[in-house]
Amino acid sequence: MSLVIAIDGPAASGKGTLARRLAAHYGLPHLDTGLLYRAVACALLDEGLQLDDAEAAVAAARGLSLTDFDETRLRARDMGEAASVVAAMPPVRAALIDMQRSFAARPEGAALDGRDIGTVVCPGASVKIFVTASPETRATRRALELAGRGEEADYAAILEDVKKRDARDSGRSAAPLKAAEDAVTLDTTDLDIEEAFAAALKIVEARR
Ligand code: C5P
């Protein structure tokens, strides 16, 4: 059976970096599913529409193409917050599920990261990892990442963002952020990226 790695976790937990590194290690295609929700939010904002306009959000979701994302724009700080608003609407999630499942069903396998990969998108994934870290650690990482891109990075405001997004993503009724029952939790609070990657690799090797 092909290797499908499902990585979930809260904002700035390191899940994206780990998913990318694991995908490179095993030669798998990688999908950062947060970009899908970010792209839907971005499409609405570009058209001057409200983020809770479900009909327009579904239309935007149906029209997405994985190949023409402007990642720099989508990864901007305010887009994460906007994404979590559109992501709370069940029809938007439904409109994005086939695209994610088709990606995961590629014959060569796949690595996907998000909030509901192990619970909803790929419940049968070969390996599920739930990546966590304290809110303070995640805020510090996000501030460094933004500063590295020349964006404004006020730590207190970012910590606030992280906590707000955690509450919205964990508290929503549609596919809330939570570990699948068969996921292995990896707490990266006290790990640097190399240590976290080594730990993730160990989990995959033990489970695949
Ligand atoms: O992971 P990232 O920060 O890019 O995700 C942006 C937002 O998209 C999250 O806060 C979450 O609300 C939503 N999301 C989701 N399900 C996923 C991936 C992201 O609801 N699988």
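Up top is the structure these notes are about.
Just so you know, these numbers come straight off a predicted model, no measurement behind them. (Residues numbered from 1 in each chain as written. Predicted model: local features only at pLDDT ≥ 70, side-chain atom pairs only at ≥ 80, totals over all residues. Heavy atoms only, no water.)

1. Things to note about the overall build of the chain
Point 1. Check the secondary structure of the chain and you find 10 helices and five strands.
Point 2. At 16 Å, the chain has a C-alpha radius of gyration in line with the 17 Å of a compact globule built from 208 residues.
Point 3. Its C-alpha atoms put the chain at 50 × 40 × 30 Å along the principal axes.
Point 4. Evaluated residue by residue, the chain yields a buried proportion of 50% over its 208 residues.
Point 5. A fraction of 79% describes how many contacts in the chain between residues 6 or more apart in sequence connect residues 24 or more apart.
Point 6. A gap of 3 Å separates the mean positions of the 26 positive and 33 negative side-chain charges of the chain. (Helix = DSSP H or I, 4+ residues; strand = E, 2+ residues; numbered from the N terminus. Rg over C-alpha atoms; globule rule 2.2 N^0.38 Å. Buried < 20%, exposed > 50% of the residue type's maximum accessible area, 1.4 Å probe, protein only. Contact = heavy atoms within 4.5 Å. Lys, Arg positive; Asp, Glu negative; His and termini not counted. Charge placed at Lys NZ, Arg CZ, Asp CG, Glu CD.)

2. Things to note about empty space enclosed by the protein
Point 1. Overall, the coordinates contain two cavities of 30 Å³ or more when judged by the stated rule.
Point 2. Of the pockets and cavities examined, the largest cavity occupies roughly 110 Å³.
Point 3. Elements with a minimum of two residues in the lining of the largest cavity: helix H5 (77–86), helix H8 (135–148) and helix H9 (155–171).
Point 4. Looking at the lining of the largest cavity residue by residue, the classes come out as five nonpolar, one polar and eight charged.
Point 5. Lining the second largest cavity, in full, are Ala6, Asp8, Gly118, Lys128, Ile129, Phe130, Ala179, Ala180 and Ala183.
Point 6. Mapped onto the lining of the second largest cavity, the elements with two or more residues apiece are strand S1 (4–8) and strand S4 (127–132).
Point 7. With three residues, S4 is the single largest residue contributor to the lining of the second largest cavity.
Point 8. Of the residues that constitute the lining of the second largest cavity, the class distribution is six nonpolar, one polar and two charged. (1 Å grid on protein atoms, 1.4 Å probe; cavity = no way out; pocket = protein on both sides within 12 Å on 5 of 7 lines; lining within 4 Å. Points joined across faces, edges and corners; volume = space filled by probe spheres on them. Nonpolar A, V, L, I, M, F, W, Y, C, P; charged D, E, K, R; others polar.)

3. Focus: the packing of aromatic side chains
Point 1. A complete count under the given rule lists zero aromatic pairs for this structure.
Point 2. When the ring centre of Phe197 is taken as origin, the NZ or CZ atom of Arg21, which lies over that ring, is 4.3 Å away. (Phe/Tyr/Trp six-rings, centres within 6.5 Å; stacked < 30°, edge-to-face > 60°. Lys NZ or Arg CZ within 6 Å of the ring centre and 35° of its normal.)

4. Examining the site of the ligand
Point 1. Near the ligand lie 15 residues; those nearest to it are Arg38, Arg93, Arg165, Asp169 and Arg172.
Point 2. A distance of 3.3 Å separates an oxygen atom of the ligand from a polar atom in the side chain of Lys15.
Point 3. Contact distances for the ligand include 2.7 Å between an oxygen atom and a side-chain N or O atom of Arg165.
Point 4. Notes on the ligand: free accessible area 460 Å², of which the protein chains cover 97%. (Near = heavy atom within 4 Å. Polar contact = N/O pair within 3.5 Å; in protein donor to acceptor, adjacent residues only side chain to side chain. Areas by Shrake-Rupley, 256 points an atom, 1.4 Å probe, with all protein chains shown as cover.)

5. Concerning the packing of helix H2 (residues 34–46) against helix H3 (residues 54–62)
Point 1. The interhelical angle for the contact between H2 and H3, taken along N-to-C directions, is 120 degrees, at an axis separation of 9 Å. When the axis of H2 is compared with that of H3, the two are oblique. Relative to H3, the crossing made by H2 is right-handed. For the pair H2 and H3, the contacting residues are Val40, Ala43 and Leu44 in the first and Ala56, Ala57, Ala60 and Ala61 in the second. (Axes fitted to C-alpha atoms, helices over the stretch in contact; angles between N-to-C directions. Parallel < 35°, antiparallel > 145°, perpendicular 65-115°, else oblique. Left-handed = near helix turned anticlockwise from the far one by under 90°.)

6. A few points about unusual backbone geometry
Point 1. Its identity is not glycine, yet Ala12 carries a phi of approximately 60 degrees, on the positive side.
Point 2. Positionally, Ala12 belongs in the loop between S1 and helix H1 (15–26).
Point 3. The buried category is assigned to Ala12, whose relative accessible area is 11%.
Point 4. Backbone geometry places Ala175, a non-glycine residue, at a positive phi of 45 degrees.
Point 5. You can see Ala175 is positioned in the loop between H9 and strand S5 (184–187).

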